[in-house]
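A look at the structure
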Amino acid sequence: MSVPSDPNRLIIFDTTLRDGEQSPGCSMNLQEKLEMAHALKALGVDVIEAGFPIASPGDFISVQAIAREVHGPVIAGLARCNPADIDRAGEALRDAERSRIHVFLATSAIHREFKLKMTPAEIVTRAVEGIKRAKQYTDDIEFSPEDAARTELDFLAEVCERAVEAGATTLNIPDTVGYAVPEHYARIIRHLKTHVRGVEKVVLSVHCHNDLGLAVANSLAALQEGARQVECTINGIGERAGNCALEEIVMALRTRQDYFGLTTGINTRLLFPTSRKLTHVTGMQVQRNKAIVGQNAFAHEAGIHQDGMLKERSTYEIMKPEDVGITKTELVLGKHSGRHALRSKVIELGYHLDDSQLQQVFDAFKGLADRKKHIYDADIEALVESQLHAGTGTAPLWTLEAFTCNAGTGTLPSAAVALWHQNGNIIRDSATGDGPVDALFKTIERITGIDVELLDYRIRSVTVGEDAQGEATVEVSYQGRKLSARAVSTDIIEASALAFLETINRILLRKVNDRLKPTDDVPQELVPNTETTAGTTPTPTA
Ligand SMILES: CC(=O)SCCNC(=O)CCNC(=O)[C@H](O)C(C)(C)COP(=O)(O)OP(=O)(O)OC[C@H]1O[C@@H](n2cnc3c(N)ncnc32)[C@H](O)[C@@H]1OP(=O)(O)O
Ligand SMILES: CC(C)C(=O)C(=O)O
């Protein structure tokens, strides 16, 4: 591949199938590599580094199959600077429509001395020999001075110049151990641009690792100095902390086109699907807060942000989710959300609440969000439903302050309850029963002075997850009239108490409506006089 005619068109070299595969737990078989290679082609990458053919028979076959099947992108194979590696890569790539052999040899003092045990002169000779041998298979040769970022600048320039003379068409400058910082890395590229004879005839490439979380930043800094190929992987997978993430660099360039002025051939709408495909193939999940493709990348929870988003999405979004293949922005309801977002969700779920109903639901929602990590649509539905079925909307006479239940083998089930009355009194009592719920209902009856016949009692889970909400439905009969109520809570016993108390409140409200005329006084039998405590079970505190 020669230097692109458009000086601002970047070459995207994807190494998901080679360096990405070096990520522990990410090795892929033939079918998986083929599937990913087709996805990368559809995504629009320019070069697919398909593998390291000498590494294993399986990798050889994978590179060969990709070279045969995947047309359009250049297919590259990695080789050390030794004849066997290069010949194996040449063989694997023989049937490729467009092939590249990528030869590498470390140049830093640490690698020369401790790993390769070679002198600088031997390094130069081996690199030149390797490039020349690879040239017998293809004209498209990439040379990488491994650990370039820790190599003496003069020696690096010398090796690069000799590589260009030997026929390399791409000079890749790896930050193999993720040691560089942006200005430092930019300086290396600047130095090579000005000290390597013939550099203008080749493509300068960058290959950054993410050990310090700087792979994308370093790559961007190098691009500003004139590098025109960037090596990257889907989801940033790769050796150790991984490589420069393809989706991040591509979207950084696209979002800040005004700043970088560079383009790529990537169909950004396939970024998310490709990311998901890799996750599926490797089983390696993407962290939720991962840029571009993480589950939270386009999710907003804070009320102030959600309000801004509902008014104008650009207030808090610098990219459109659909541009990376995510269907839509998510306004996640949680403890930091506000009324605007709640109202929007309620409408989306098909409900219409007036301001006071919305306020009630909002209060209940905040209480729920304090207790629950995930608020699902079903949670909101359940809250709205319980609001809509909460009778007239008049403030309830009795409110549950606290309760405890005691049950177990060989224990007499009991409950202790504290109820708050509209007039400000808190009444506590306790009772025993056939089971904890029966004891709870009996205690509520004792406190409120209303005895009902329980006709039906049902509980069910209305949401999913460990912190799912339970819904309790209670049907009672009182003086020949039937009433039912439901309530939801993460605590199913609490939901039961709330539903039961709701039936009692409705009975009392009817009594008030029927009998209180023309004053607002509550009948004496409905007014608790003092704070009382009775029973043998422990008294709950509010
Ligand atoms: C920075 C990078 O990501 S480079 C790519 C790294 N990827 C991989 O290593 C994955 C695939 N690797 C493998 O399957 C194996 O390492 C193989 C098949 C390539 C080699 O296996 P082995 O022959 O058993 O050697 P081993 O991996 O233990 O050691 C590497 C040898 O290659 C030498 N070597 C390392 N890099 C190069 C190079 N660019 N050119 C020539 N020789 C090199 C080392 O000095 C060492 O040589 P030695 O045996 O004389 O000491
Ligand atoms: C082979 C080279 C490019 C490499 O993977 C590295 O240096 O990290």
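Residues numbered from 1 in each chain as written. Chains lettered and ligands numbered in written order. Predicted model: local features only at pLDDT ≥ 70, side-chain atom pairs only at ≥ 80, totals over all residues.

By the naming in an unreviewed UniProt entry, the chain goes by 2-isopropylmalate synthase and is assigned to Tuwongella immobilis. Here the chain is described in UniProt, under the heading Pathway (unreviewed entry), as follows: "Amino-acid biosynthesis; L-leucine biosynthesis; L-leucine from 3-methyl-2-oxobutanoate: step 1/4." Its UniProt record gives the chain a comment under Sequence similarities (unreviewed entry), which states: "Belongs to the alpha-IPM synthase/homocitrate synthase family. LeuA type 1 subfamily." (UniProt positions renumbered as here; feature names shortened; annotations may be inferred.)

With that settled, the discussion passes to the sheet that holds strand β16 (residues 481–489). Here we have 3 strands laid out as an open sheet, ordered β14-β15-β16, and antiparallel in their pairing. What marks the edges here is a single partner per strand, and that holds for β14 (453–461) and β16. Neighbour-to-neighbour, the strand axes of this sheet turn through a mean angle of 15°, independent of strand direction. Inspection of the sheet shows strand β15 (residues 470–478) paired to β16 by 9 bridges, in the antiparallel sense. Its bridge partner being in β16, Val474 is matched across the sheet by Ala485. (Pairing = 2+ DSSP bridges. Helix = DSSP H or I, 4+ residues; strand = E, 2+ residues; numbered from the N terminus. Axes fitted to C-alpha atoms, helices over the stretch in contact; angles between N-to-C directions.)

On to the UniProt feature "binding site: Mn(2+)" (unreviewed entry) in the chain, then. Per the UniProt entry, the sites bearing "binding site: Mn(2+)" (unreviewed entry) are Asp19, His207, His209 and Asn243 in this numbering. The greatest C-alpha distance among the annotated residues, which extend across 225 residues, is 10.2 Å, indicating that they converge on a single site. Position of Asp19 among the secondary structure elements: in the loop between β1 (11–14) and α1 (30–43). For Asp19, the contacting residues outside a window of four places in its chain are Thr233, Gly238, Glu239 and Asn243. As for its position among the elements, His207 is in strand β7 (residues 203–208). Not counting residues within four places of it along the chain, the set of residues in contact with His207 comprises Ser144, Asn172, Pro174 and Glu231. (Contact = placed C-beta atoms within 7 Å.)

Another aspect to go through is the pairing of strand β2 (residues 47–51). Across the 5 residues that make up β2, a large majority, 5, are buried. Bridge count for β1 against β2 is 2 bridges, and the pairing is parallel. Bridge pairing in β2 links Phe13 to Val47. The handedness of the β1 to β2 crossover, carried by α1, is right-handed. Handedness of the crossover joining β2 and strand β3 (residues 74–80) through helix α2 (residues 57–69): right-handed. (Buried ≥ 20, exposed ≤ 12 C-beta atoms within 10 Å, placed from the backbone. Right-handed = clockwise from strand over helix to strand, strands pointing away.)

Before going further, it helps to examine the sheet that holds β3. One key point about sheets: their strands pair by backbone hydrogen bonds, in either a parallel or an antiparallel sense. Strand order in the closed barrel formed by 8 strands is β1-β2-β3-β4-β5-β6-β7-β8, with parallel pairing between adjacent strands. For this sheet, the mean angle separating the axes of adjacent strands, direction not counted, is 25°.

Ranked by internal contacts, the top residues of the largest apolar core, which has 102 residues, are Ile48, Val103, Ala127, Ile131, Ala163 and Ile249. Sequence-distant contacts of Val103, that is, excluding residues within four places in its chain, are made with Ala79, Cys81, Ile86, Gly130, Ile131, Ala134, Ile141 and Phe143. If you look at the next biggest cluster of nonpolar residues, it comprises 49 residues, including Val361, Leu400, Ala416 and Ala472. (Core = buried A, V, L, I, M, F, W, Y, C linked by C-beta atoms within 7 Å.)

The UniProt record annotates "domain: Pyruvate carboxyltransferase" (unreviewed entry) at residues 10–272. Measuring from the first to the last C-alpha atom of residues 10–272 gives 21 Å, for a span that is 44% helix and 17% strand.

The immediate surroundings of ligand 1 are formed by 15 residues, with Ala55, Arg80, Cys81, Asn82 and Leu105 found nearest. Sorting the residues of the shell around ligand 1 by element identifies β4 (99–106) and α4 (109–116) as the ones contributing at least two each. Its residues assigned to classes, the shell around ligand 1 comprises 7 nonpolar, 3 polar and 5 charged. (Near = placed C-beta within 6 Å. Nonpolar A, V, L, I, M, F, W, Y, C, P; charged D, E, K, R; others polar.)

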